[in-house]
Amino acid sequence: MKAMKDLRNLRNLRKWKRNLLLAGLLPLCLALALIPAGCAGGARAPAGTATSAAASASGAEATAGAAPTADANASAPEAATAAATQASAAAGADRPGQQGGNGGGQVLNVHVDVEISTLDFHNTGEGNALNAMNEMGDGLYRVDADGAPQLAVAESADVSADGLTITYKLRDTAYYDGTPVTARDFVYSWRRLADPALENTYNSLLAVANIVNANEVIAGEQPLDALGVEATDDKTLVVRLSGPLPFIDTLFAFPPFFPLSEDFVTAQGSSFAASPETLLTNGPFYATEYEPNANSVTLARNPLYYRADEISLDGIVYRTVKDPQQAALSYLSGELDTARLSGEQVELYKDDPEYHGFLTSYLWWISPNHQNPDLANLNLRIALAKSFDKDALASNVLKNGAAAAHYYVPPGVATGPDGKDFRDGAPNYFETDKADALARWELAKQELGKDSAEFTLLVEDSDMAISVAQFVQAQIQETLPGVAINVEPLPKKAKADRVSDLDFDFNLHRWGPDYSDPLTFLNLWTSSPKRSWHSDEYDALVADATSGPLTLDAAARWQALHDAEQILGDDAVTFPVFIQGEAMLIKPSVSGAEFHFGTGLHSLRHVKKD
C-alpha cells in the first residue's frame, strides 16, 4: 500500500511540475532544488509495427578484447557515456566514413523485469538478452522499422536459379576494436552454433535455414566443416541450402547468425562472453559493464560502426527491476526512461500521456509433463486446458493489453502464399469451457482410478508470471474439485534447468518469434530428449515443411503447418494462455524505438532523447 501511495504522490508531484513549467516558474524551482531531478515522465508513440523501448526478456554472454572501461566510481549512465567517449578516442575517429554519430551524453535507461543471464549470441532463448544482442551485433541483414529485412554486413546477395546457393559479398565493416569483419567470421560463428559439444540453444536454426548438413553436424554425425557455408575469400560468403527458404533473409538477421572472430573467441576459452572484456561485437553498441545475471548491463556507442552517423544514443543501460511498483517509482524519480506496468498500475496510469500499450507477439502457455502418469491422460489435459478464464486473466489481472490465446501460432507472425495471416480461417483451441472441463475431469478420474491429483506449476520469479500462475491455480482448483496446484517461483535459469531435466509437472513458459514463419513456434514441439511429448506424425510434417519436398510447394507447405498445429491441439500438448501485451511508461523525450512483430525483438539504435 505504501508503494502505491508513493506512486500517487510522485504522480501528483509530476503534475505540479508541469503546471510550474506552464507558468514559467519551473526554472526557479529547479534552481532552488525544490523538485527532484528527472521527475518528468516519458512517452513514445507506437508506429507501424509498434514501438517500444524495451519489453521482453533474454540473455547472452559478452566478449571484448580491448574494451574501453569507464570510471568504476561513476554511475551506470555516466559510465556508458564515458566509455563511448574513450572508445572514440582509442579507436580513432579519423577512420574513413566513421565520424562518430550525433551523440551528446544521451544514455537510455531501459527497464527489464528479468536478469540478462548471458550475452552469448548462440546460447540463449531469453528475450531481454536477445534485445541487447540485437543492439550489439549486425548480421548479413537487419530488420528495418517496418519489419522488412535489409542488407547489412552483406552488400549484395546473389541467389542461384534453383534457390539452393546464395553468394554474399560483404561490405567493409569492423568490430568495435577496429578488427575487420570477414566472411570467415560468419563461417566460424555458424560452425560454433552447430558444434554438438556446446549444445547451443539456437543450433536448430541452422536446420530451419536448410543449410546443407546442418542436422548431421549438430548430431555429431559429420564434422563442423561439412556445414554448407564457405568463405571463398575475405569478402565472399557462400551458403548452400538443401531447399529454398522464403524467409531466410529474416532468419539471417537474428542474433545467432551474427559473426564472431575465431581468434578472439579462442583466446577467451571458457571465459568467452562472461564479461565485457571477453566479448567482441560489430554492432552500433558494445558492452562496457556486464556479468551474467547482474542487475544491470551497460552498452556504449560504437564509433567504428559503419553507420555510426545514424546513432544518437551514447549508451544503453538495461536495469533489472522485478517489482513493477518499484520500477514505476524508479521511472518517476528519473532513474528509468521506460517502465513496464502491470495490474493496478495500468489502471493508475492508463490516462497518462506517457502511457503506451500494445500487443506483442509473445505467447504464454502451460506445458504439462507428459511423462507424469496422471498428465499422460488426455481427458485430464483437456480438462485443465479449458478450466481457467483466459479473458478474465487478461482483463482483470494483467490489464496491459494482453489477450486470451487459443492457438499455438499467434496472429501477425506469418503470412501465407495466399497473402492471408496464418490464423485466418484456422481453428481456436481450448477456449474456456468450465462445464466441459468438469465433465472431462470426471472421465479422467474414472480412467485414472482416483478422485484427486496434486501438481506443481513452475514459474519464473517475476511479478507478472507469479500473478498469472496464482490466477490459474485458483481457477483450476475452483473448477476441478480434487485437483491441487502448487505454485513454485524460481529464477529463470533454475526453472529452465528443471524443465530441461523434465523435473516438473507444469511449466508456465513464454516464447517470442525468431523469424516470420509458423515454424518459429511449431519447431518447439518436435521430438527431443528434453521434451516430454513425441509424435512421429508431427515430426514428419515439420521436417517436410522445413527441408523436405514441401519447400517447393508453398500452398502444400502452408497446409502441412496447419495440420501440424491441429495435432498439437488434438493432443492438448500444451495449454495456450495469453498473448502478451505491453503497458509502459516512456519519457516524452524518447523517440525512434522500433518493435519488430515478426521476431519479437526491439531495436533502439535509432532512438533519440530530446
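Everything numeric in this text was worked out from a predicted model, so none of it was measured.

A. Representation of the overall build of the protein in the model. What the protein contains, in helices and strands, is 19 helices and 21 strands. Within the protein, buried positions represent 58% of all 610 residues. Within the protein, counting contacts between residues at least 6 apart in sequence, those at least 24 apart form 73% of the total. Approximately 22500 Å² of the protein is accessible, and the part contributed by carbon and sulfur atoms is 50%.

B. Up close: helix α19 (residues 554-570). Taking 1.5 Å as the rise per residue, α19 with 17 residues should run 24 Å; its terminal C-alpha atoms sit 25 Å apart, in good agreement. Of all the residues in α19, the buried ones are Arg 557, Trp 558, Ala 560, Leu 561, His 562, Ala 564, Glu 565, Ile 567, Leu 568 and Gly 569. On its buried face, α19 sits against α17 (519-522) and α18 (536-546). At the C-terminal side of α19, Ala 572 shows a positive phi close to 45°.

C. Expanded view of the sheet that holds strand β1 (residues 107-112). Taken in spatial order, the 4 strands of this open sheet run β1-β10-β9-β8, and their pairing is mixed. Either end of the sheet is taken by a strand with one partner, and the two such strands are β1 and β8 (285-289). Each strand axis lies, on average, 25° off the axis of its neighbour in the sheet, ignoring direction. Across 6 bridges, β1 lies against strand β10 (residues 315-320) in parallel orientation. Bridging from a neighbouring strand, Val 107 pairs with Gly 315 of β10.

D. Fine view of the pairing of strand β5 (residues 165-170). Of the two faces of β5, the one holding Ile 166, Tyr 168 and Leu 170 is buried and the one holding Thr 165, Thr 167 and Lys 169 is not buried anywhere. Remark: 5 residues form the turn of the hairpin made by strand β4 (residues 154-159) and β5, two consecutive strands paired antiparallel; Gly 163 in that turn has positive phi of roughly 75°. In this sheet, strand β7 (residues 236-240) lies alongside β5 in antiparallel orientation, the contact comprising 5 bridges. In the sheet register, Lys 169 faces β7, and the bridge partner there is Thr 236.

E. Representation of the pattern of salt bridges within the structure. All chains considered together, the criterion is met by 26 salt bridges. In this structure, Arg 184 engages Asp 234 in a salt bridge whose closest nitrogen and oxygen atoms are separated by 2.0 Å. Linking Arg 184 in helix α5 (residues 183-194) with Asp 234 in the loop between β6 (229-233) and β7, this pair joins segments that are 50 residues apart in sequence. A relative accessible area of 41% means that Asp 234 is categorised as partly exposed. In this structure, Asp 461 and Lys 322 form a salt bridge, with 3.1 Å as the shortest nitrogen-oxygen distance. Here Asp 461 is found in the loop between β14 (453-460) and α15 (463-479), whereas its partner Lys 322 is found in the loop between β10 and α10 (324-332), with 139 residues between them in sequence. A residue is classified by how much of its surface remains accessible, and Lys 322, at 26% relative accessible area, is partly exposed. Connected via shared salt-bridge partners are Asp 113, Arg 340 and Glu 582.

F. Examining the side chain of Ser 532 more closely. When you line up the elements, Ser 532 lands in the loop between α17 and α18. We classify Ser 532 as buried; its relative accessible area is 14%. Among the polar contacts made by the side chain of Ser 532, one reaches the main-chain amide nitrogen of His 370 at a distance of 2.9 Å. Setting aside its immediate chain neighbours within four residues, Ser 532 contacts Pro 368, Asn 369, His 370, Gln 371 and Leu 502.

G. Representation of the confidence of the model for the protein. Considering every residue of the protein, the mean pLDDT works out to 83; 82% of them sit at 70 or more. A low-confidence stretch, residues 1-104 stays under pLDDT 50, and its non-local contacts, those more than four residues away or across chains, total 284 contacts.

H. Representation of the packing of helix α13 (residues 390-398) against α15 within the structure. Relative to each other, α13 and α15 sit at 130°, their axes nearing to 11 Å. Classified by the angle between their axes, α13 and α15 sit oblique to one another. When the axes of α13 and α15 are compared, the crossing they make is right-handed. Two secondary-structure elements touch here, α13 through Ala 392, Leu 393, Val 397 and Leu 398 and α15 through Met 464, Ser 467, Val 468 and Phe 471. Class assignment for the residues of the contact of α13 with α15 results in 7 nonpolar, 1 polar and no charged.

I. Representation of the environment of His 596 within the structure. Turning to its location among the elements, His 596 is positioned in strand β19 (residues 594-596). It is 7.7 Å that separates the C-alpha atoms of His 596 and Val 143, two residues lying 453 residues apart in sequence. Not counting chain neighbours up to four residues away, the residues in contact with His 596 comprise Val 143, Asp 144, Ala 145, Leu 601 and Ser 603.

J. A look at the nonpolar core. Grouped together as the largest cluster of nonpolar side chains are 153 residues, with contacts concentrated most on Trp 190, Ile 211 and Phe 252. With residues up to four places along the chain from it excluded, the contact list for Phe 252 reads Gly 139, Leu 140, Tyr 141, Tyr 168, Trp 190, Ala 209, Ile 211, Val 239 and Phe 257. Judged by nonpolar contacts, the second largest core, of 14 residues, contains Leu 332, Leu 336, Leu 341 and Ala 583.

K. Local environment of unusual backbone geometry. Backbone geometry at Glu 199 places phi at a positive 50°, although glycine is not the residue there. Position of Glu 199 relative to the elements: it lies in the loop between α5 and α6 (204-208). Even without a glycine there, the phi angle at Phe 430 is positive, about 60°. Tracing the sequence through the fold places Phe 430 in the loop between β13 (403-404) and α14 (434-448).

L. Region of interest: α5. Its 12 residues give α5 an end-to-end C-alpha distance of 17 Å, which sits within 8% of 16 Å, the value for a rise of 1.5 Å per residue. For α5, the set of buried residues is Ala 183, Asp 185, Phe 186, Val 187, Tyr 188, Ser 189, Trp 190, Arg 192, Leu 193 and Ala 194. The secondary structure elements touched by the buried residues of α5 are β5, α6, α7 (214-218), β6, β7 and α9 (262-268).

M. Spatial organisation of the packing of aromatic side chains. Tallied over the full model, the rule gives 20 aromatic pairs. Measuring from ring centre to ring centre gives 5.3 Å for Phe 121 and Phe 258, while their planes differ by 90°; the resulting arrangement is edge-to-face. Of this pair, Phe 121 sits in the loop between β1 and α4 (127-136) while Phe 258 sits in the loop between α8 (248-251) and α9; the two residues are 137 residues apart in sequence, bridging distant segments of the chain. The exposure class of Phe 258 is buried, given its relative accessible area of 0%. An angle of 65° between the planes, with centres 6.3 Å apart, marks the rings of Tyr 168 and Phe 252 as edge-to-face. With a gap of 84 residues between them, Tyr 168 in strand β5 and Phe 252 in the loop between α8 and α9 connect regions that are remote in the sequence. Residues Tyr 168 and Phe 252 agree in their burial class; the two are buried. Grouping aromatic residues by their ring pairs yields a cluster made of Tyr 141, Tyr 168, Phe 186, Trp 190, Phe 252 and Phe 257.

The rules we used
- Residues numbered from 1 in each chain as written.
- Predicted model: local features only at pLDDT ≥ 70, side-chain atom pairs only at ≥ 80, totals over all residues.
- Heavy atoms only, no water.
- Helix = DSSP H or I, 4+ residues; strand = E, 2+ residues; numbered from the N terminus.
- Buried < 20%, exposed > 50% of the residue type's maximum accessible area, 1.4 Å probe, protein only.
- Contact = heavy atoms within 4.5 Å.
- Areas by Shrake-Rupley, 256 points an atom, 1.4 Å probe, with all protein chains shown as cover.
- Expected span 1.5 Å × (residues − 1).
- Pairing = 2+ DSSP bridges.
- Axes fitted to C-alpha atoms, helices over the stretch in contact; angles between N-to-C directions.
- Salt bridge = Lys/Arg side-chain N within 4 Å of Asp/Glu carboxyl O.
- Polar contact = N/O pair within 3.5 Å; in protein donor to acceptor, adjacent residues only side chain to side chain.
- pLDDT = per-residue confidence, 0-100.
- Parallel < 35°, antiparallel > 145°, perpendicular 65-115°, else oblique.
- Left-handed = near helix turned anticlockwise from the far one by under 90°.
- Nonpolar A, V, L, I, M, F, W, Y, C, P; charged D, E, K, R; others polar.
- Core = buried A, V, L, I, M, F, W, Y, C linked by side-chain atoms within 4.5 Å.
- Phe/Tyr/Trp six-rings, centres within 6.5 Å; stacked < 30°, edge-to-face > 60°.

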